[in-house]
Amino acid sequence: RPDLLDFDTDLENAWFGVIPSAAKLLEPLLTGREHAQIARRQWRSDASIEKIADACGASGIIDTPVRKCSDGMRQLIALTVAMSTGARLLLLDEPLSALDPTNKEQATRALAKWAATGRTVVMSTHDLGIADLFCTAAVFVREGRLATVSSKDLDGTSCQRLYREFYEERRF
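Now for a quick tour of the structure. Going along each chain's sequence as written, the residues are numbered from 1 onward. In keeping with the model being predicted, local features are shown solely for residues with a pLDDT of at least 70 and side-chain atom pairs are shown and tallied solely at 80 or more, while totals for entire chains, interfaces and linings include all residues. Excluded from the side-chain calculation are hydrogens and water; included are all heavy atoms of the structure.

### Considering the pattern of salt bridges
- The working definition used for a salt bridge is a side-chain nitrogen of Lys or Arg within 4 Å of a carboxyl oxygen of Asp or Glu. If you walk through the whole model with that rule in mind, you get 4 salt bridges.
- D127 is paired through a salt bridge with K104; the nearest N and O atoms lie 3.0 Å apart. Here K104 lies in helix α4 (residues 101-116) and D127 lies in the loop between β3 (120-124) and α5 (128-134), a separation of 23 residues in the sequence.
- Note that R109 and E105 form a salt bridge whose closest N and O atoms lie 2.9 Å from each other. Pair noted here: R109 and E105 are both in helix α4, with a separation of 4 residues, about one helical turn.
- Of the residues examined, R109 reaches a relative accessible area of 49% and is grouped as partly exposed. Comment: elements are numbered from the N terminus, with helices defined as DSSP H or I runs of at least four residues and strands as E runs of at least two. Under the scheme applied here, a residue whose accessible area is under 20% of the maximum for its type counts as buried, over 50% as exposed, and between as partly exposed, the area being computed with a 1.4 Å probe on protein chains only.

Structure below.
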């Protein structure tokens, strides 16, 4: 079993990072900065923890032990950690859950800026308003079946409307 804190693990060619729902993998005794430093070393990233924490809205809590953080604060730290990897693809499970409206908006802007650099963000969400602001494509799941909506289909059409069509009118 590899040690998760083994900094010699070769992730140089890895290109994606994952953040689980509710930031459940954060070690309670470590600070957000310590988590981000571990992620940077593991991924051999030169990302600026300070800039990412500021963009995500976590600069005021980055040096707080995780055990003293609320669920929303943990989400901001987890997002900072994920982005600190410098990964080209982030797989995020409800990364905006537990965030108040101000932090949700700031984290959404940070993710959009991240994606604008040529990186990809894949995230699950139940907040279709955020999806409308952020998504360039969408996937809906119904009864174990997937329906993909391309960026062309989203052009001028809200995810909320497509959701209603998919689930209520069973269009797809």
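So that's the structure; there's more coming.
### Observations concerning the nonpolar core
- Of all hydrophobic cores here, the largest spans 34 residues; its most connected members are L79, M83, L90, L92, L96, L111 and M123.
- At the level of secondary structure, the elements contributing two or more residues to this core comprise α1 (32-43), α2 (49-56), α3 (71-84), β2 (89-93), α4, β3 and α5.
- The element contributing the most residues to this core is α3, with 7 residues.
- In this description, contact between two residues means that some pair of their heavy atoms is separated by no more than 4.5 Å. Among residues more than four places away in sequence, those in contact with L111 are L79, M83, L92, L96, V121, M123 and F134. Nonpolar cores were defined as sets of buried Ala, Val, Leu, Ile, Met, Phe, Trp, Tyr and Cys residues, with membership established by side-chain atoms within 4.5 Å.

### So, α2
- Taken residue by residue, α2 has I49, I52, A53 and C56 as its buried positions. Buried residues of α2, viewed axially, fall in a sector of 100°; they line one side.
- In the core, the buried residues of α2 are packed alongside α1, α3 and α4.
- Downstream of α2 by a residue or two, G57 has a phi angle that is positive, lying close to 85°. Here the arc refers to the directions that run from the helix axis out to each C-beta atom.

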